[in-house]
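What follows is each chain in one-letter form.
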Amino acid sequence: MSDCQLYLISPLEVGGDFPARLEKALNAGPVAAFQLRVKGLDQHEAARLAEPLQALCVQLDVAFIVNDDVALAKRLKADGVHLGQGDGDPREAREELGRDTQIGVTCHASRHLAMEAGDAGADYVAFGAFFPSTTKQSEHQPELELVQWWSGIFEIPCVAIGGITPENCAPLVDAGADFLAVSGAVWNGDEGAAIKAFTEVLRG
């Protein structure tokens, strides 16, 4: 059995029946974290949509992470914030959010960016996209050895992201990824079945 855990990322559309879908997913197997990823909404609307999702995460003991938006994370008292390379400095986010908040940083395929993020106090680094993704276009495609290198040297957990499915994730788990960030593989079909399929691979 691996120590690798699931890190679920929302689709861009989280209204309508999405809270029910999230509940189904979180009840289908262990999920360590859920990231709210919405774009182009004002903070008030984003907070309104977040409310039922965050409540579910609290109830089921899943970390609730906000993508790219330190101010929204602070408003919601989220468990964490995930920063892209253009979304601000982890040190500033730490000052804003306090030391108990998880701060993750996208590091693409770069050892240098990952070490910089670690020095700046990131709680985890994210590498990807490992596979072609329908969720988000990426020109970066790291090799598996990046995960092996990182997990062999550093204590800071690493998240593998990008086009990950139950069928292709085993090499990432074997390489030492601490978390698999998954989105399309779950939301583009039956979310309960997808979580169960990932769980079987992770239980090995």
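See above for the structure.
Residues numbered from 1 in each chain as written. Predicted model: local features only at pLDDT ≥ 70, side-chain atom pairs only at ≥ 80, totals over all residues. Heavy atoms only, no water.

(A) The overall build of the chain, seen in detail. Helix and strand counts for the chain come out as nine helices and eight strands. Its C-alpha atoms give the chain a radius of gyration of 16 Å, near enough to 17 Å, the size a compact globule of 204 residues would have. Overall size of the chain, expressed as C-alpha extent along the three principal axes, is 40 × 40 × 30 Å. In the chain, of all internal contacts separated by at least 6 residues, the share reaching a separation of at least 24 is 57%. Per element, the accessible surface of the chain, about 10,000 Å² overall, is 48% carbon and sulfur. Across the chain, the centroid of the 15 positively charged side chains sits 4 Å from that of the 30 negatively charged ones. (Helix = DSSP H or I, 4+ residues; strand = E, 2+ residues; numbered from the N terminus. Rg over C-alpha atoms; globule rule 2.2 N^0.38 Å. Contact = heavy atoms within 4.5 Å. Areas by Shrake-Rupley, 256 points an atom, 1.4 Å probe, with all protein chains shown as cover. Lys, Arg positive; Asp, Glu negative; His and termini not counted. Charge placed at Lys NZ, Arg CZ, Asp CG, Glu CD.)

(B) How the structure looks around the pairing of strand 4 (residues 80-83). The side-chain alternation of strand 4 yields two buried faces, one formed by G80 and H82 and the other by V81 and L83. In this sheet, strand 4 lies alongside strand 3 (residues 63-67) in parallel orientation, the contact comprising three bridges. Paired with V66 across the strands is V81, a residue of strand 4. By the bridge criterion, four bridges tie strand 4 to strand 5 (residues 102-106) in an arrangement that is parallel. Within strand 5, the residue paired with G80 across the bridge is Q102. (Buried < 20%, exposed > 50% of the residue type's maximum accessible area, 1.4 Å probe, protein only. Pairing = 2+ DSSP bridges.)

(C) Up close: the nonpolar core. L8, L22, F34, F64, F127 and L180 are the most contacted members of the largest nonpolar core, which has 62 residues in total. Non-local contacts of L180, meaning those with residues more than four positions away in its chain, are made with C4, Q5, L6, Y7, A160, I164, C169, L172, V173 and L202. Formed by nine residues, the second largest nonpolar core is a distinct cluster that contains Y7, A33, A126 and V159. (Core = buried A, V, L, I, M, F, W, Y, C linked by side-chain atoms within 4.5 Å.)

(D) Examining the packing of helix 1 (residues 18-27) against helix 2 (residues 43-59) more closely. Close contact between helix 1 and helix 2 brings their axes to 9 Å; oriented N to C, the two are set at 15°. What the angle tells us is that helix 1 and helix 2 run roughly parallel. In this structure, helix 1 meets helix 2 at a crossing whose hand is right-handed. Facing helix 1, whose interface residues are F18, P19, L22, E23 and L26, helix 2 presents P52, L53, L56 and C57. Residues that form the contact of helix 1 with helix 2 fall into these classes: eight nonpolar, no polar and one charged. (Axes fitted to C-alpha atoms, helices over the stretch in contact; angles between N-to-C directions. Parallel < 35°, antiparallel > 145°, perpendicular 65-115°, else oblique. Left-handed = near helix turned anticlockwise from the far one by under 90°. Nonpolar A, V, L, I, M, F, W, Y, C, P; charged D, E, K, R; others polar.)

(E) Main features of helix 9 (residues 191-203). Its 13 residues give helix 9 an end-to-end C-alpha distance of 18 Å, which sits within 8% of 18 Å, the value for a rise of 1.5 Å per residue. Along helix 9, the residues classified as buried are E191, G192, A194, I195, F198, T199 and L202. Considered in projection along helix 9, the buried side chains sweep an arc of 160° and stay on one side of the axis. Check the buried side of helix 9 and you find it contacts strand 1 (5-9), helix 1, helix 7 (170-175), strand 8 (179-182) and helix 8 (184-187). Its side-chain oxygen 2.9 Å from the backbone nitrogen of G192, D190 forms the N-cap of helix 9. (Expected span 1.5 Å × (residues − 1). Arc of directions from axis to C-beta. Polar contact = N/O pair within 3.5 Å; in protein donor to acceptor, adjacent residues only side chain to side chain.)

(F) Region of interest: the packing of aromatic side chains. One pass over the full model with this rule turns up eight aromatic pairs. Between F18 and W187, the ring centres sit 4.8 Å apart and the planes meet at 65°, which makes this aromatic pair edge-to-face. Here W187 lies in helix 8 and F18 lies in helix 1, a separation of 169 residues in the sequence. Each member of the pair, F18 together with W187, is buried. With a centroid separation of 5.9 Å and an interplanar angle of 75°, the aromatic rings of F127 and W150 are classed as edge-to-face. Note that F127 is positioned in strand 6 (residues 124-128) and W150 in helix 6 (residues 144-153), a separation of 23 residues in sequence. Pair check on accessibility: F127 and W150 agree, each one buried. (Phe/Tyr/Trp six-rings, centres within 6.5 Å; stacked < 30°, edge-to-face > 60°.)

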